[in-house]
Amino acid sequence: MAFVERVFSGVQPTGNLHLGNYLGAIVNFVKMQETHNCIYCVVDMHALTQGIDVWGGPTELARNTREVTAAFLAAGIDPKKHIVFNQSQVAGHAELTWIFNCVARIGWLSRMTQFKEKAGKDRENASVGLYDYPVLMAADILLYHATHVPVGEDQKQHLELSRDIAQKFNNDFADSIRAHGIADGLFFPLPEPMITGPATRVMSLRDGTKKMSKSDASDYSRINLTDDADTIAQKIRKAKTDPEPLPTEEKGLETRPEADNLVGIFAALSGRSKQQVLSDFGGGQFSAFKNALVELCVVKLAPIASEMKRLVADPGHVDAILVDGANRAREIAEANMVKTKDIVGFVRKA
Ligand code: TYM
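How each quantity is defined
- Residues numbered from 1 in each chain as written.
- Predicted model: local features only at pLDDT ≥ 70, side-chain atom pairs only at ≥ 80, totals over all residues.
- Heavy atoms only, no water.
- Helix = DSSP H or I, 4+ residues; strand = E, 2+ residues; numbered from the N terminus.
- Rg over C-alpha atoms; globule rule 2.2 N^0.38 Å.
- Buried < 20%, exposed > 50% of the residue type's maximum accessible area, 1.4 Å probe, protein only.
- Contact = heavy atoms within 4.5 Å.
- Areas by Shrake-Rupley, 256 points an atom, 1.4 Å probe, with all protein chains shown as cover.
- Lys, Arg positive; Asp, Glu negative; His and termini not counted.
- Charge placed at Lys NZ, Arg CZ, Asp CG, Glu CD.
- Near = heavy atom within 4 Å.
- Polar contact = N/O pair within 3.5 Å; in protein donor to acceptor, adjacent residues only side chain to side chain.
- Nonpolar A, V, L, I, M, F, W, Y, C, P; charged D, E, K, R; others polar.
- Core = buried A, V, L, I, M, F, W, Y, C linked by side-chain atoms within 4.5 Å.
- Salt bridge = Lys/Arg side-chain N within 4 Å of Asp/Glu carboxyl O.
- Phe/Tyr/Trp six-rings, centres within 6.5 Å; stacked < 30°, edge-to-face > 60°.
- Lys NZ or Arg CZ within 6 Å of the ring centre and 35° of its normal.

A. Spotlight on the overall build of the protein chain. Assigned secondary structure in the protein chain consists of 15 helices and five strands. On C-alpha atoms alone, the protein chain measures out to a radius of gyration of 21 Å, which is about the 20 Å that the 2.2 N^0.38 rule sets for 350 residues. The C-alpha extent of the protein chain, read off along each of the three principal axes, is 70 × 45 × 45 Å. Within the protein chain, the fraction of its 350 residues that count as buried is 49%. Restricting the contact set of the protein chain to residue pairs at least 6 apart, pairs at least 24 apart contribute 76%. Accessible surface, the protein chain: about 16100 Å² in total, of which carbon and sulfur atoms supply 53%. Charge centroids of the protein chain, computed over 40 positive and 43 negative side chains, lie 1 Å from each other.

B. Highlighting the site of the ligand. Neighbouring residues of the ligand: 28 residues in total, closest Tyr 133, Asp 140, Asp 154, Val 202 and Lys 214. Here a nitrogen atom of the ligand sits 3.1 Å away from a polar atom, N or O, in the main chain of Gly 20. Asp 140 is positioned such that a nitrogen or oxygen atom in its side chain is 2.7 Å from a nitrogen atom of the ligand. When residues of the shell around the ligand are traced back to their parent elements, those giving at least two are β1 (6-11), α1 (19-32) and α8 (128-142). A breakdown of the residues in the shell around the ligand according to their chemical character gives twelve nonpolar, eleven polar and five charged.

C. Representation of the nonpolar core in the model. If you look at the biggest cluster of nonpolar residues, it comprises 57 residues, and the most contacted ones within it are Tyr 22, Phe 72 and Phe 289. Here this core takes ten residues from helix α14 (residues 286-312), the largest share from any one element. Beyond its immediate chain neighbours, meaning those up to four positions away, Phe 72 contacts Val 11, Ile 26, Phe 29, Tyr 40, Cys 41, Val 42, Ile 77 and Val 84. Ranked by size, the runner-up nonpolar core spans 44 residues in total, among them Cys 41, Ala 146, Phe 169 and Phe 187.

D. Spotlight on unusual backbone geometry. In this model, Asn 16 sits at a positive phi of 50°, which is unusual for a non-glycine residue. Within the secondary structure, Asn 16 sits in the loop between β1 and α1. For Asn 16, a relative accessible area of 32% corresponds to the partly exposed category. Even without being a glycine, His 145 presents a positive backbone phi close to 50°. Counting through the fold element by element, His 145 comes out in the loop between α8 and β4 (148-150). Given a relative accessible area of 8%, His 145 falls into the buried group.

E. Examining the pattern of salt bridges more closely. According to the stated counting rule, one finds 19 salt bridges in the structure shown. For the salt bridge of Asp 242 with Arg 256, the shortest nitrogen-to-oxygen distance reads 2.7 Å. Of this pair, Asp 242 sits in the loop between α11 (229-238) and α12 (257-270) while Arg 256 sits in the loop between α11 and α12, placing them 14 residues apart in sequence. Overall, Asp 242 belongs to the buried group, its relative accessible area being 18%. Residue Arg 256 is classed as buried on the basis of its relative accessible area of 11%. Lys 251 is paired through a salt bridge with Glu 254; the nearest N and O atoms lie 3.3 Å apart. Owing to a relative accessible area of 62%, Lys 251 belongs among the exposed residues under this scheme. Put simply, Asp 219, Arg 222, Asp 227 and Lys 235 are held in one network by salt bridges that share partners.

F. Representation of the packing of aromatic side chains. Per the stated rule, a full pass over the model turns up 15 aromatic pairs. Look at Phe 169 and Phe 173: their rings are 4.6 Å apart centre to centre, the planes differ by 35°, and that puts the pair in the tilted class. Among the residues examined, Phe 169 registers a relative accessible area of 0% and is labelled buried. Over the aromatic face of Tyr 220 sits the side chain of Lys 238, whose NZ or CZ is 5.4 Å from the ring centroid.

Laid out in structure tokens, this is it:
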């Protein structure tokens, strides 16, 4: 089947949306609107996979769902031309997950590094949902037959699993797929990860070897999209560096994770390459570079923070956008689910 190109991606409403989410994912969501039909999802069902201490309980979940939506809109996603909605409003995500649960293999899920990291040592006590997280993610994407998925580097393994699930479904049901008129047997596309730009893995400001993360105990490890100018300045000034001046060539960043990270952030925010940034700042001290980085961050992020604040203050407006997006998403999802159920052999009303 010739697949129409379609973009799908998601962000969890687990609070502390940060610069890594913005540069690794949301900036690319905005760009892809120019060339593709896009579906952007606030994955509230994924948020439940960790303990209530992580997702914060029902009131926080609703608040964070609206905040992620606000971030999408403030960053420049157009909910009229494209689709913005929250996952739990479209039942197909859960339905397709069940079918995929019976396609995916336990061995595949056991290899997922994110599960190992998040479950930690107490694996017996992790939720079944946390283990199944990547299957729900595959269902998110394939429910819409999406072909391109913009994500940060940390999601690469999950995207590979989505491709494996799509391929195994196509193989397992090959005869039925053909019998339903799809001559080449390709019912689900194999989705392509789009991991692009100089900041696909933004690191902690306190430790250049650790990923910037929503769950880091230190707020100084990340720049939140809701931080004000003073907080951004403080966090960047305190960011860990090393005693050497900045290198003049990109190669010189290889063994210097903190320098590499800050140069990568500068490059991504200014739309330039790391080498171009080093042509301006290489050979200089971190203090001058940090001043320029503070200025750049504030210029780029302050308008987003203030627009987010404005939107979050009007939950009725945000909810209406999510409902409208869910209605449009559901139409695509339901048509695909009918075909999927027919292929699987589930009897339904004619
Ligand atoms: P989440 O909410 O953890 O992350 C959202 C996006 O932000 C990216 N990201 C980063 N990029 C660069 N540097 C970082 N430090 C950093 N931290 C996070 C993530 O790679 C992601 O793109 N599992 C997904 C949510 C999801 C999804 C999907 C994505 C659910 N279903 C279907 C794509 C397609 C996640 O990591 O969310």
